[in-house]
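Close look at the chain arrangement
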Amino acid sequence: MQGYGETRAKAQEVDTPDPDERIRQLCEENCRLRKQIRQLKAAAAAKKKVEFSKLVFLGVSIVTIAITVFSCRMIWLTMDTSALAYLIPAVFAEMASATGFYYTKAKAENKIKLMAASGVQPEPSNFNEF
């Protein structure tokens, strides 16, 4: 991408005697810049799809928080803590599993991105160690 100063310097270097030729060059450059602006706007407007694993993790997190709040409320109202023995450990075990799998998946995805950035071809043997 050329900056304003570079474009202006090139205009002074060219120094075409024919004004019609200069107008044609400026029109071509204007069309090119407009096309580039349209492409940038289209790229910015394109929505990224949310990954399914993030939706699952978010759902599990919301359910965990909801059950914890509900349990605390019911314990407050009934003054009975017997529900805590089974309900809370089950919910937090699910949360721990979802968190572990999500971070393992994210680790593998990041490893692939870093390998691609450094020009290394990802292979199955690269992902065997935890």
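Residues numbered from 1 in each chain as written. Predicted model: local features only at pLDDT ≥ 70, side-chain atom pairs only at ≥ 80, totals over all residues. Heavy atoms only, no water.

What follows concerns the confidence of the model for the protein. Averaged over all residues, the pLDDT of the protein equals 81, while 82% of them reach at least 70. At the level of individual helices and strands, the protein shows its lowest average pLDDT in helix H1 (residues 4-14), which scores 55, and its highest in helix H3 (residues 52-78), which scores 89. (pLDDT = per-residue confidence, 0-100. Helix = DSSP H or I, 4+ residues; strand = E, 2+ residues; numbered from the N terminus.)

What follows is about the pattern of salt bridges. If you walk through the whole model with that rule in mind, you get four salt bridges. Close ionic contact of Arg 24 with Glu 21 constitutes a salt bridge, the shortest N to O distance being 2.5 Å. One end of the pair is Arg 24 and the other is Glu 21, both in helix H2 (residues 19-45) and three residues apart, which spans about a single turn. Under the relative-accessibility criterion, Arg 24 is labelled partly exposed at 38%. The exposure class of Glu 21 is partly exposed, given its relative accessible area of 27%. A salt bridge links Glu 109 to Lys 105; the shortest N-O distance between them is 2.4 Å. Of the two residues, Glu 109 and Lys 105 are both situated in helix H4 (residues 87-118); the distance of four residues between them amounts to about one turn of the helix. Connected through shared salt-bridge partners, Glu 21, Arg 24 and Glu 28 make up one network. (Salt bridge = Lys/Arg side-chain N within 4 Å of Asp/Glu carboxyl O. Buried < 20%, exposed > 50% of the residue type's maximum accessible area, 1.4 Å probe, protein only.)

What follows deals with the packing of aromatic side chains. Considering all chains together, one arrives at two aromatic pairs under this definition. Between Phe 57 and Tyr 102, the ring centres sit 5.1 Å apart and the planes meet at 15 degrees, which makes this aromatic pair stacked. Residue Phe 57 is found in helix H3, and its partner Tyr 102 is found in helix H4; the two are separated by 45 residues along the sequence. Ring geometry for Tyr 102 versus Tyr 103: centroids 5.6 Å apart, planes at 65 degrees, classification edge-to-face. Residue Tyr 102 is classed as buried on the basis of its relative accessible area, which comes to 18%. Taken together, Phe 57, Tyr 102 and Tyr 103 form an aromatic cluster joined through their ring pairs. (Phe/Tyr/Trp six-rings, centres within 6.5 Å; stacked < 30°, edge-to-face > 60°.)

Looking now at a nonpolar patch on the surface. A cluster of nonpolar residues, Val 50, Phe 52, Leu 55 and Val 56, forms a patch on the protein surface that exposes about 390 Å² of accessible area. In this structure, Val 56 sits in helix H3. The exposure class assigned to Val 56 is partly exposed, which follows from its relative accessible area of 37%. (Patch = residues over 30% accessible without salt bridge, like charges linked within 9 Å, V, L, I, M, F, W, Y side chains within 5 Å. Areas by Shrake-Rupley, 256 points an atom, 1.4 Å probe, with all protein chains shown as cover.)

Attention shifts here to the environment of Phe 57. The exposure class assigned to Phe 57 is partly exposed, which follows from its relative accessible area of 21%. Once the C-alpha coordinates of Phe 57 and Thr 99 are considered, the two residues, 42 residues apart in sequence, prove to be 6.9 Å apart. Apart from residues no more than four positions distant in its own chain, Phe 57 is found in contact with Met 95, Ala 98, Thr 99 and Tyr 102. (Contact = heavy atoms within 4.5 Å.)

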